[in-house]
Amino acid sequence: MKLLELEIHNFRGIRNLSIKPDGENFLIYGPNGSGKSAVVDAIDFLLTGQISRMKGRGTKDVNLKKHGPHVDYSAKDALIKATIKIHGLEESVEIKRSLDSPTKLVCKESIRDKIQPVLELASRGQHVLTRREILNYVTADSGTRGKQIQTLLKITDVEKTRNILVKVKNMLKNNYQGAKSSLNTISATINSNIGIQNFDEGKILEFVNINRNLLNGTPIKELKSNKLKDEIKYQTIPSNIRINIQLLKNDLDKLQNIKTNKNSKKIGNIIRELYEITLKINSHHKSDDAYAHLKLTRLGLDLLDADGKCPLCDTSWQTGNLKEHLENKIELLKGAAENLDRITELSENLVLKVNHLIGTLNEIIKSTEILGLTEEQGILEVWLQDLNMFLSTLEEDKYPDLEFESKVVEILFAPVSLEVVLDNIYSSACENFKEPSEEQTAWDNLTRLEENLKNYEKSIIDCKKSFESYEKGEILLSTFLESKNLILNNLFAEIKDRFVELYKEIHGIDETEFDALLISEGVGVDFKVDFHGRGVNSPNALHSEGHQDTMGICLYLALAERLIQGFIDLIILDDVMMSVDAPHRREICKLLANFFKGRQFFITTHDQTWARQLQSEGVIQSRNRIEFSNWTIEDGPSLNILGDIWDVIDVDLGGNDIPAAAAKLRRGSEEYFSQVCASLHAPVRFKFNGQYELGDLLNGAMSEYRSQLKHAKSAARSWENFEELERLKRIEEHSKGVFERINLERWAVNPAVHFNENNDFTLQDFKPVVNTFRELFSIFQCSKCGTFLHLVINGPKVEAVKCDCGKVTWNLKDK
Amino acid sequence: MGVNIIGKSLKVPKTVLEDVWLDTLSKLRDNPNFNSELVEKIESMTKVGLINSDDIIVLLKD
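Everything quoted here is computed from the prediction, not taken from an experiment. (Residues numbered from 1 in each chain as written. Chains lettered and ligands numbered in written order. Predicted model: local features only at pLDDT ≥ 70, side-chain atom pairs only at ≥ 80, totals over all residues.)

Side note on the overall build of chain A
Phase 1 of the analysis: Counting its regular elements, chain A contains 26 helices and 16 strands.
Phase 2 of the analysis: Across the 815 residues that make up chain A, the buried fraction comes to 36%.
Phase 3 of the analysis: Intrachain contacts of chain A at a sequence separation of at least 6 include 67% that bridge at least 24 residues. (Helix = DSSP H or I, 4+ residues; strand = E, 2+ residues; numbered from the N terminus. Buried ≥ 20, exposed ≤ 12 C-beta atoms within 10 Å, placed from the backbone. Contact = placed C-beta atoms within 7 Å.)

As structure tokens, then:
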């Protein structure tokens, strides 16, 4: 997309403005506060429906509809209109947007799909570079820079997706841990009922067959819930309305056992030891670190694969070296290892005890329900809830802290009123149900186990399924991260190479060895640059502000070029030149002119030298420069067409306003010849105040031109290139004639002449003066590419006078 | 990444996220834990903007 015409009405300090860049580079020059950036805002708004400057930090109270229109005007009065050229369409198209409906771009429906990619890219903010952004690219910390580059490359969405996938993985992990915990609880319930410590299929089967035998059943060989009562017939009341007093007594005894001094002491000791070790770790920052390092190192050792690559940073190690390194590290952390292993051992012991308790408690709670003992049921359910909370703390690796002091835990392990509660339950059960027969207890044992086994089998399936889902979540996340690193590193490598190329082009022999690092660092982007072969550092560590500015420009151009190719040819540089010195600005001009052909730069600046250089180096054609000045609240900026002075002089001549024409010719010539002098390195009599008059500049420019032409002729003679010598002589003859005439007529642009009441300059008198100046201008500029003739200097030697396209070339080197 | 020219119409360059998903999905196709149907379902989710964690969880639990 290129900008052909732009109209702005009542928008951000501009009342009415119409410019015609015609798809070529365009320059707005003017002091601070003259409204330059408002034009940039207008283009930004036209393409995105937003104003970038009015978003972000510190803009909370800034409102597009309220602060977008020019002061005293409303949103409906603010309109931006442009004629643009977009790829894939022969005809230019008109688009417009009003602050009244910022989200609505008005254009022909037939072109909407063609313009959509342009708008999509513009919404990524890839077309505007401001001074503030340069700082964000260069001097900011990695996180801020990362955000800036992420927004530009639209990497923010990659980070959002990564976070979503991390969340998915964690949720699936929690599901899996939940399923594992259920499995542990149900296993513990089975163990508790049977009276074994650990889940053992052989022992459970033995228990089943003893009970089957009492019921005249044959032994079974496979432990399956649906096989436990195979071929056994026993008539009884369903277990959900009946209590087996003997089994209840067993369960109650187990709970009573908790209260025994021996057991309480045992549990208390475990808790106390856990608490003390944890306290020791937490009270020493270094030991806390050692503990975390140990866990990580052990995990690293587990994840180590055959090629010996580090599982954390993917760095390749020689086979076996990393394994040895990790083992040595674990050896060094021996003290921490002892504590960690002891914590794990104590925790596992506690988990086992708690699971047993929960299993038993569940059975007793069923009995309270049958007996209708709501108060006792409530007490036991609160206890069950506390135990489950304690269990999850242990399973989540959050070892006991202050909340789990031994006293608290003692209460947690047995409510104060436990004995009374259990007595009530047993008495009530004895009152309501008679002592069971041996066969009844065997049947009830099988029934209880049948139910528990069903839950166990279901838990096994749940656990397997949830593990598979968790594994998929983990694979999805790790694959995404692997791809992210691959894509970003390739992208950053390309951008870095182009950045280095552009930067070296600007700084020439000063930075021939320059290199940089641009790498993804966590969620940020790390950017470091080399300083004269002395190693890489942050850009603001050793380089000057000017160098940092050029880095920002080069990095932005490399990024923008990578992203908007073929869609938005328009690149806006809003007052980006601050600390760059004049010679390097010239190089930046050359870079824009030669490295970005086909692009349209829209440049604003308050810097007159930069504005002149942009023209003298051929970045900006004279007709595409405007100057803003004298901004007022009523009218916005005054507009001076700096571009083609001949057009505006012709207008004055047409109106017979000779003093006005003379003033414009003088002012235009002063500006023109200051650029000529800069390009030719012409000697101009130094003035401390820097206010050079036309006479100073003209003499310097003409004298240098003559001098270099003389050198060129001498060089041609030394090469015996007589054809070139003749050509140079013709140039000399022509310029000599123009210089002589200008020396005769230049007094006519002297201001004193035109402010003299007695002057009687007529149109006929002044027109030839204008024509001579016009001829003079053309001597210093290439007729083909429009650039100023400039010296080509290599080290201390002046080698040639050239224009950018090479049409004008004078060799100055002797044979 | 880059400019895709399809016939005469131009498509907006892919975002980095689109590139990352393209590479991720191609790797998942070679992973035995992910069958082609699952990869296709994930792919269709990525086409409509940012993925939703709940939808992905349902998909992975299936």
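More follows now that the structure is in view.
Concerning the overall build of chain B
Phase 1 of the analysis: When helices and strands are tallied, chain B shows three helices and two strands.
Phase 2 of the analysis: Ordered by position in the sequence, the α and β elements of chain B form the string β-β-α-α-α.
Phase 3 of the analysis: Burial analysis of chain B (62 residues in total) assigns 19% to the buried set.

Overview of the sheet that holds strand β5 (residues 93–98) of chain A
Hydrogen bonds between backbone groups are what pair the strands of a sheet, and the pairing can be parallel or antiparallel.
Residue and element names in this part refer to chain A.
Phase 1 of the analysis: Here we have four strands laid out as an open sheet, ordered β2-β1-β4-β5, and antiparallel in their pairing. Strands at the two margins of the open sheet, each flanked by one partner only, are β2 (14–19) and β5. Strand-to-strand twist of the sheet, defined as the mean angle between neighbouring strand axes without regard to direction, takes the value 15°.
Phase 2 of the analysis: Contacting β1 (2–11), β2, β4 (79–85) and β5, helix α1 (residues 36–48) runs over the sheet at an angle of about 105° to β1. (Pairing = 2+ DSSP bridges. Axes fitted to C-alpha atoms, helices over the stretch in contact; angles between N-to-C directions.)

Focus on unusual backbone geometry
Residues and elements named next belong to chain A.
Phase 1 of the analysis: The backbone phi angle of N10 is positive, close to 55°, even though this residue is not glycine.
Phase 2 of the analysis: One can find N10 in strand β1.
Phase 3 of the analysis: Its 24 C-beta neighbours within 10 Å are what place N10 among the buried residues.
Phase 4 of the analysis: At D22, a residue that is not glycine, the phi angle is positive and equals roughly 60°.

What about the nonpolar core?
All names here are of chain A.
Phase 1 of the analysis: Core analysis: the biggest nonpolar cluster contains 96 residues, and A42, I43, V118 and C554 have the highest contact counts within it.
Phase 2 of the analysis: Take this core: its biggest share by element is 14 residues, from helix α16 (residues 438–507).
Phase 3 of the analysis: Ignoring any residue separated from it by four or fewer positions in sequence, one finds C554 in contact with F499, L502, Y503 and I506.
Phase 4 of the analysis: I649, C677, V749 and F780 belong to the second largest nonpolar core, which has 38 residues in total. (Core = buried A, V, L, I, M, F, W, Y, C linked by C-beta atoms within 7 Å.)

Structural notes on the environment of B:L28
Phase 1 of the analysis: Mapped onto the secondary structure, B:L28 falls in helix α1 (residues 16–29).
Phase 2 of the analysis: For B:L28 and B:V39, which are eleven residues apart along the polypeptide, the C-alpha to C-alpha distance reads 6.8 Å.
Phase 3 of the analysis: Setting aside residues up to four positions removed in sequence, B:L28 forms contacts with A:T479, B:F34 and B:V39.

Here's the deal with the sheet that holds strand β16 (residues 809–811) of chain A
Residues and elements named next belong to chain A.
Phase 1 of the analysis: Pairing is antiparallel across the open sheet formed by three strands, whose spatial order is β14-β15-β16. Across the chains shown, the open sheet's two edge strands, defined by having one partner strand only, are β14 (790–794) and β16. For this sheet, the mean angle separating the axes of adjacent strands, direction not counted, is 30°.
Phase 2 of the analysis: Taken together, the three bridges between strand β15 (residues 797–802) and β16 define a ladder with antiparallel strand orientation. Opposite A800, over in β16, you have N811 as the bridge partner.
Phase 3 of the analysis: This element, helix α23 (residues 694–718), spans β15 and β16 of the sheet and lies at about 60° to β16.

As for the packing of α1(B) against helix α2 (residues 36–46) of chain B
All names here are of chain B.
Phase 1 of the analysis: Where α1 meets α2, the axes come as close as 10 Å, and the angle between the chain directions of the two elements is 170°. By the criterion of interaxial angle, the relationship of α1 to α2 is roughly antiparallel. Contact with α1, carried on its side by W21, L25, L28 and R29, involves S36, V39, I42, E43 and T46 of α2 and no other residues of that element. (Parallel < 35°, antiparallel > 145°, perpendicular 65-115°, else oblique.)

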